[in-house]
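# Breakdown of the fold
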Amino acid sequence: MNYTTKQLAELTHSQLIGDEHIVVKNIAFDSRNIFSVQNTAFLAINTSKNSGEKYINSAVEKGISVIISEHQLKDIPNVTWIITENSVRFLQDLAKFHLIQFHLKTIGITGSNGKTIVKEWLYQSLFDEFDTVKSPKSFNSQIGLPISLLEINQKHQLGIFEVGISKPNEMQILQEIFPPQIGILTHIGSAHSSNFENESQLIDEKISLFKDAQIIIFNGDNDLVRNKINDIYSSKKLISFGLKTSNHIFIKNDWKNKNSNLIIKYFDEEFSVPVSKRDEATLSNVLCVIAALKEFGLSNSKIIEKLNSLKSIEMRLESVNGVRNNLIINDSFNLDLDSLKIAYQFINEYNKQKKSLVLTDFVEGKNSDQLYEEVAHLTNQQNFSKIFLVGEEISKFESLFTSETYTFIDTKHLIENQQFNLIENELILLKGARKFEIEKVKSHLELQKHDTVLEVNLNAILHNINIHKSLLKPQTKMMAMVKAYSYGLGGYEIAEFLQHHHIDYLGVAYADEGVDLRKNGITTPIMVMNPEQHSYDIIIDYDLEPEIYSFRVLELFNEQLIRKGIQQKYPIHIKLETGMHRLGFKGNELDELIHKLKSTHVKVKSIFSHLSASDDPAEKAYTLDQINIFKNNSEKLISALNDEPIRHILNTSGIVHYSDYQFDMVRIGIGMVGISTNPEIKKKLQSAVRFKTVISQISEVNEGESVGYNRRFKAENATRIATIPVGYADGIPRLIGNKRGKVGIDHNTFPIVGNVCMDMMMINIGEFPAKEGEEVIIFNSNPSLEEFADYCQTIPYEVLTSISRRVKRIYIKD
Ligand SMILES: *Cc1c(COP(=O)(O)O)cnc(C)c1O
């Protein structure tokens with residue numbers, strides 16, 4: 001991108017206030033991720049959920065001098081403003097203009113599932129045939145698509161972009177900006193259909209992307225899709241793919257038999273391809289990619305070669321705790337300039353003061369001089385304390401890097417290097433191309449190396465928060481309950497992520513949980529629900545805000561404030577008893593409470609209560625009573641105090657079932673994890689945790705032989721037993737042994753046999769062709785967390801909080 005401020009304003013019919021000659025090459029949308037201010041404009045995007053205008057000040061503080069916004073803010077000197085009527089439209093108009101400056105071939109991918117994987121696979125297959133640009137991550141929305149299009153430049157010969165919609169009439173807007181020449185429709189599922197009247201409307205909307213396409217490659221397994229495309233687009237070149245044999249391309253042999261290659265039937269041709277993952281979604285994505293590669297004239301042998309080198313789509317950044325208190329961020333899915341930029345944005349979300357970088361050769365570089373110059377330029381803006389370059393190519397450019405830089409021919413030498421092994425207390429970003437096996441560096445640096453992990457998907461947490469937010473008024477605040485090690489998911493890692501996404505409040509159970517967050521750089525206000533007397537001191541030292549639920553606590557805390565000589569009024573939260581009969585002030589104590597509050601050193605930041613049965617429709621009357629008591633009693637307090645406190649009573653299921661009573665704030669907990677007792681909401685949530693391990697050993701057991709302690713399982717027939725390294729010390733209740741619980745392998749479930757041991761358990765896999773080292777799912781998605789909780793005769797809350805600390809938590813972001 002390369003436009004002057006004057007051009008930008010003219011192209012988008014916006015108003016320019018200030019310098020018309022500034023050249024803009026990048027547009028930033030997130031003030032936290034700005035790391036280069038030269039030639040960068042900040043666009044304040046307004047959506048129904050959020051206003052980017054709140055962040056203009058922080059963008060300007062970082063040195064941005066061009067602001068694109070719907071409103072001009074007062075008192076900001078030396079800034080050139082581009083004032084637009086609609087910030088999203090601005091982006092779209094600009095992207096539309098930008099695209100038509102170039103003559104590249106375009107592929108547009110839409111569908112309910114599989115867009116990102118098909119895009120990535122096509123990119124991996126085509127980038128060394130054509131200079132290719134693609135959407136970063138899964139940027140495909142009204143905002144994401146235009147951002148992706150702005151990445152196009154003169155050298156690109158092919159552009160592969162995802163197009164996603166969530167509501168009717170959105171596709172028309174996107175199709176006008178981006179009318180692809182080749183249209184691809186992946187799988188149509190029911191994922192987004194709640195905003196659409198029915199499946200037919202959804203399909204009509206999606207396929208309208210193809211209005212101007214010459215070729216349409218579509219999943220023909222859905223009859224409605226097939227009929228509509230054949231009807232509406234009969235004059236275009238149509239290629240259907242799918243598992244049904246009525247498609248132009250399908251699999252001829254029995255794909256469930258893992259021992260043979262797939263025989264692909266493509267029109268009149270037949271050829272065999274080696275694909276080991278055999279779930280339906282993967283197979284239809286593979287067919288789709290083959291159909292598209294055929295359109296680019298690739299021979300069958302070339303296609304097989306490409307399929308062989310496709311990487312599983314681990315398009316995400318992993319973070320794990322490392323030795324010497326380092327934080328390891330591993331991003332080795334692919335290495336290109338885009339993903340490097342994204343990784344640099346991500347690491348700025350962490351609070352570690354110092355950071356180091358491991359970077360390998362870029363394997364796809366065509367013009368290496370120019371490429372590595374750009375890499376060095378981007379990298380030098382990051383203030384790495386040390387840089388470790390791995391590979392012969394990149395090492396030649398050592399002098400371009402301004403930090404302390406070391407070079408190595410391969411990762412083996414890096415691992416043995418003394419400087420590298422001395423790093424402590426830093427964030428270490430690992431960014432490498434596949435062939436360098438960066439995995440080895442990661443496992444060298446990792447703290448716990450067990451195969452059993454609890455994988456936490458931070459994006460899913462954000463998604464789930466947004467689903468709950470969509471049930472609330474935009475101005476309603478949200479407190480995230482991160483008590484009990486964030487429901488077992490992890491300590492500051494979750495809080496740090498939530499803080500980055502502007503959560504209003506955090507809630508913990510005990511003071512030391514709050515102290516831990518503060519020590520890790522969390523500055524968001526934190527409420528402590530059980531302020532024990534001995535912890536008042538650290539509560540005050542670490543700016544934590546106690547819940548005050550009785551006169552005793554109020555008086556003791558106030559005494560501590562006086563003893564410490566605190567001058568200003570200290571923030572506290574008043575808990576009202578409304579029917580839970582746990583903690584809180586009752587209605588008949590309010591007069592005395594008002595009297596006491598007026599004579600203490602506290603400021604009432606909020607008044608709240610807790611519902612006993614918000615998830616139980618049978619207790620609706622009781623719940624409404626609780627809400628009513630809360631409303632009256634809190635009003636009474638508020639009218640007597642000058643503090644303008646925030647009021648809150650709803651937990652997750654309260655948000656779902658009683659959103660009329662959201663007051664000023666809500667407190668979300670289990671909903672973040674993706675759990676809901678309401679099936680409609682549950683459908684929209686994503687599960688944010690996954691507990692998994694691998695098979696340690698498989699043994700053949702003969703009829704009559706026994707398994708495990710006390711011989712509790714005796715084989716009725718010869719069978720195969722897999723041992724997995726997870727037991728009751730990891731938080732698996734012993735009661736799910738002896739066939740009461742199941743675990744998953746490759747989408748199937750198998751019973752746990754014999755007694756659960758301390759660190760291991762055994763499962764009966766029979767004839768199933770599982771291998772040693774293969775992944776085993778303890779929960780999510782088969783079995784699901786809810787099913788697993790059923791085996792354990794408890795609720796997901798207890799399952800999660802029982803997983804022991806020795807189980808490594810891994811955090812991923814897409
Ligand atoms: C734990 C907790 C919540 C969150 O409950 P969920 O059911 O997990 O949403 C809300 N409020 C209070 C007081 C809590 O202790």
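Keep in mind the model is a prediction, meaning the values are calculated, not measured. Residue numbers restart at each chain and count upward from 1, following the sequence in its written direction. Totals for whole chains, interfaces and linings use all residues, but because this is a predicted model, local features are given only for residues with pLDDT of at least 70 and pairs of side-chain atoms are given and counted only at 80 or more. In computing side-chain values, all of the structure's heavy atoms are included and hydrogens and water are not.

### Re the overall build of the protein chain
Heads up, the condition is: In DSSP terms, a helix is any run of H or I states spanning at least four residues, a strand is any run of E spanning at least two, and both are numbered starting from the N terminus. The reference for a compact globule is 2.2 Å times residues^0.38; the radius of gyration itself is calculated from the C-alpha atoms. Accessibility here uses a 1.4 Å probe with only protein chains present; expressed as a share of the type maximum, an area under 20% marks a residue as buried, one over 50% as exposed, and anything in between as partly exposed. Whether two residues are in contact is decided by their heavy atoms: any pair within 4.5 Å suffices.
Helix and strand counts for the protein chain come out as 29 helices and 41 strands. Taken over C-alpha atoms, the radius of gyration comes to 29 Å for the protein chain, in line with the 28 Å a tight globule of 814 residues would show. Expressed as lengths along the three principal axes of its C-alpha atoms, the size of the protein chain is roughly 85 × 85 × 65 Å. Counting over 814 residues, the protein chain shows a buried share of 55%. Counting only contacts in the protein chain whose residues sit at least 6 apart along the sequence, the fraction spanning at least 24 positions is 65%.

### A word on the site of the ligand
How we decide: Only heavy atoms are used to decide nearness, and a residue is near a molecule or strand if one of them lies within 4 Å of it. Polar contact is the term for a pair of N or O atoms within 3.5 Å; when the atoms are in protein, one must be able to donate a hydrogen and the other to accept it, and sequence-neighboring residues count only if both atoms are side-chain atoms. The accessible surface values rely on the Shrake-Rupley method and a 1.4 Å probe; as for residues, cover is taken only from the protein chains in view. Of the grid points, spaced at 1 Å and generated over the protein atoms alone, those admitting a 1.4 Å probe that cannot get out make up cavities, while open sets with protein on both sides within 12 Å along at least five of seven lines make up pockets; any residue with an atom within 4 Å of a point is treated as lining. A cavity or pocket is said to hold a molecule if more than half of that molecule's atoms lie within 2 Å of its grid points. Residue classes follow a fixed rule: Ala, Val, Leu, Ile, Met, Phe, Trp, Tyr, Cys and Pro count as nonpolar, while Asp, Glu, Lys and Arg count as charged, and any other residue, Gly among them, counts as polar.
As a matter of local geometry, the ligand sits amid Met481, Lys483, Tyr487, Met529, His610, Asn651, Thr652, Arg667, Gly669, Ile670 and Tyr797. A distance of 3.4 Å is found between a nitrogen atom of the ligand and a side-chain nitrogen or oxygen belonging to His610. Here the ligand, which alone exposes 390 Å², has 94% of that area covered by the protein. Of all the cavities here, the one that holds the ligand is the second largest pocket. Here the residues of the shell around the ligand sort into five nonpolar, four polar and two charged.

### Comments concerning helix H24 (residues 620-640)
Condition: Expected helix span is taken as 1.5 Å per residue step, with the number of steps being one fewer than the number of residues. The arc in question is the one traced by the directions running from the helix axis out to the C-beta atoms.
The end-to-end C-alpha distance of H24, which contains 21 residues, comes to 31 Å, matching closely the 30 Å that a straight helix rising 1.5 Å per residue would cover. Along H24, the positions that sit buried rather than exposed are Thr623, Gln626, Ile627, Phe630, Asn633, Ser634 and Leu637. The buried residues of H24 occupy an angular sector of 145 degrees when the element is viewed end-on, so they sit on one face. The exposed residues of H24 that point more than 90 degrees off its buried face are Ala621 and Ser639. Those residues of H24 that are buried are in contact with strand S28 (570-575), helix H23 (590-598), strand S29 (602-608) and strand S30 (646-648).

### Considering the packing of aromatic side chains
The geometry of an aromatic ring pair is captured by two quantities: the separation of the ring centres and the angle between the planes. Test applied: Ring pairs shown here join Phe, Tyr and Trp side chains whose ring centres sit within 6.5 Å, with only the six-membered ring taken for Trp; geometry is labelled stacked below 30 degrees between planes, edge-to-face above 60, and tilted in between. Geometrically, a lysine NZ or arginine CZ counts as sitting over a ring once it is within 6 Å of the ring centre and also within 35 degrees of the ring normal.
For the structure shown, the criterion picks out 20 aromatic pairs. Ring geometry for Tyr266 against Phe267: centres 5.0 Å apart, planes inclined by 85 degrees, an arrangement best described as edge-to-face. Accessibility expressed as a relative area gives 38% for Phe267, which makes it partly exposed. Ring centres of Phe388 and Tyr406 lie 5.3 Å apart, and the angle between their planes is 15 degrees; on these two criteria the pair is classed as stacked. Remark: Tyr406 occurs in strand S21 (residues 404-408) and Phe388 occurs in strand S20 (residues 386-390); sequence separation between them is 18 residues. Here a set of aromatic residues connected by ring pairs shows up, and it is made of Phe388, Tyr406, Phe408 and Phe420. Sitting over the ring of Trp255, Lys256 keeps its end group 4.9 Å from the ring centre.

### Here we look at the pattern of salt bridges
Put simply, the rule is: By convention in these notes, a salt bridge is any Lys or Arg side-chain nitrogen within 4 Å of a carboxyl oxygen on Asp or Glu.
As enumerated under the stated definition, the model contains 37 salt bridges in all. For the salt bridge of Lys134 with Glu120, the shortest nitrogen-to-oxygen distance reads 3.3 Å. In this pair, Lys134 is assigned in strand S9 (residues 132-134) and Glu120 in helix H4 (residues 115-126), connecting sequence segments 14 residues apart. A single burial state applies to Lys134 and to Glu120, both of which are buried. For Lys683, the salt bridge identified is with Glu680, shortest N-O distance 3.5 Å. In this pair, Lys683 and Glu680 both sit in helix H27 (residues 679-684), three residues apart, roughly one turn of the helix.

### Some thoughts on the sheet that holds strand S6 (residues 66-69)
Our working rule: Note: two strands are recorded as paired if DSSP finds a minimum of 2 bridges between them. To define axes, lines are fitted to C-alpha atoms, for helices over the stretch in contact only, and angles between the resulting N-to-C directions are given on a 0 to 180 degree scale.
An order of S2-S7-S6-S5-S4 is seen for the five strands of this open sheet, with the pairing classed as mixed. Of all strands in the sheet, those with a lone pairing partner are strand S2 (15-17) and strand S4 (26-28), marking the two edges. With strand direction ignored, the average angle separating the axes of adjacent strands in the sheet is 25 degrees. Across four bridges, the pairing between S6 and strand S7 (residues 80-83) is parallel.

### Digging into H23
Along H23, the residues that are buried comprise Leu590, Leu593, Ile594 and Leu597. The buried residues of H23 occupy one face: seen down the axis, they fall within an arc of 100 degrees. In H23, the exposed positions that point more than 90 degrees away from the buried face belong to Asp591 and His595. Of the surrounding elements, those touching the buried residues of H23 are helix H22 (551-563), S28, S29 and H24.

### Section: the packing of H22 against H23
This is how the line gets drawn: Geometric relationships in this document are graded by angle, where less than 35 degrees denotes roughly parallel, more than 145 denotes roughly antiparallel, 65 to 115 denotes roughly perpendicular, and other angles denote oblique.
Between H22 and H23, the least distance of the axes is 11 Å, while the angle of their chain directions is 5 degrees. On the basis of their axis angle, the class for H22 and H23 is roughly parallel. Every residue of H23 that contacts H22 at Phe551, Leu554 and Glu555 is listed here: Glu592, Leu593, Lys596 and Leu597. Across the contact of H22 with H23, the residue classes tally to four nonpolar, no polar and three charged.

### Description of the domain arrangement of the protein chain
Keep this limit in mind: Domain start and stop positions are those given by an automatic or database domain assignment.
By the assigned domains, the protein chain splits into domain 1 (3-90), domain 2 (102-308), domain 3 (321-447), domain 4 (456-684) and domain 5 (689-813). The C-alpha-based centres of domain 2 and domain 5 are spaced at 38 Å.

### A closer look at empty space enclosed by the protein
Over the atoms rolls a probe the size of a water molecule, and in doing so it shows where empty space is left. As a reminder of what qualifies: Grid points are joined across faces, edges and corners, and a volume is the space filled by probe spheres set on the points.
Enumeration over the complete set of coordinates arrives at four cavities of 30 Å³ or more. Estimated volume of the second largest cavity: approximately 80 Å³. Around the second largest cavity, the lining residues are Ser319, Glu349, Tyr350, Leu458, Glu493, Glu496, Phe497, His500, Tyr811 and Lys813. Elements with a contribution of two residues or more to the lining of the second largest cavity: helix H19 (492-500) and strand S41 (808-813). If one sorts the elements of the lining of the second largest cavity by residue count, H19 sits on top with four residues. When grouped by side-chain class, the residues that make up the lining of the second largest cavity number four nonpolar, two polar and four charged.

### Structural notes on the layout of surface pockets
Counted as a void, the second largest pocket has a volume near 770 Å³. Lining the second largest pocket are 36 residues, with Lys483, Tyr487, His610, Asn651 and Tyr797 sitting closest to its centre. Mapped onto the lining of the second largest pocket, the elements with two or more residues apiece are helix H18 (483-487), helix H25 (652-657), strand S31 (665-668) and helix H29 (796-802). Among the elements that take part in the lining of the second largest pocket, H25 stands out by supplying four residues, more than any other.

### Comments concerning the environment of Ile503
Considering the arrangement of structural elements, one finds Ile503 in the loop between H19 and strand S25 (505-508). When neighbours within four sequence positions are excluded, Ile503 is seen to be in contact with Ile465, Met478, Ala480, Leu498 and Thr524.

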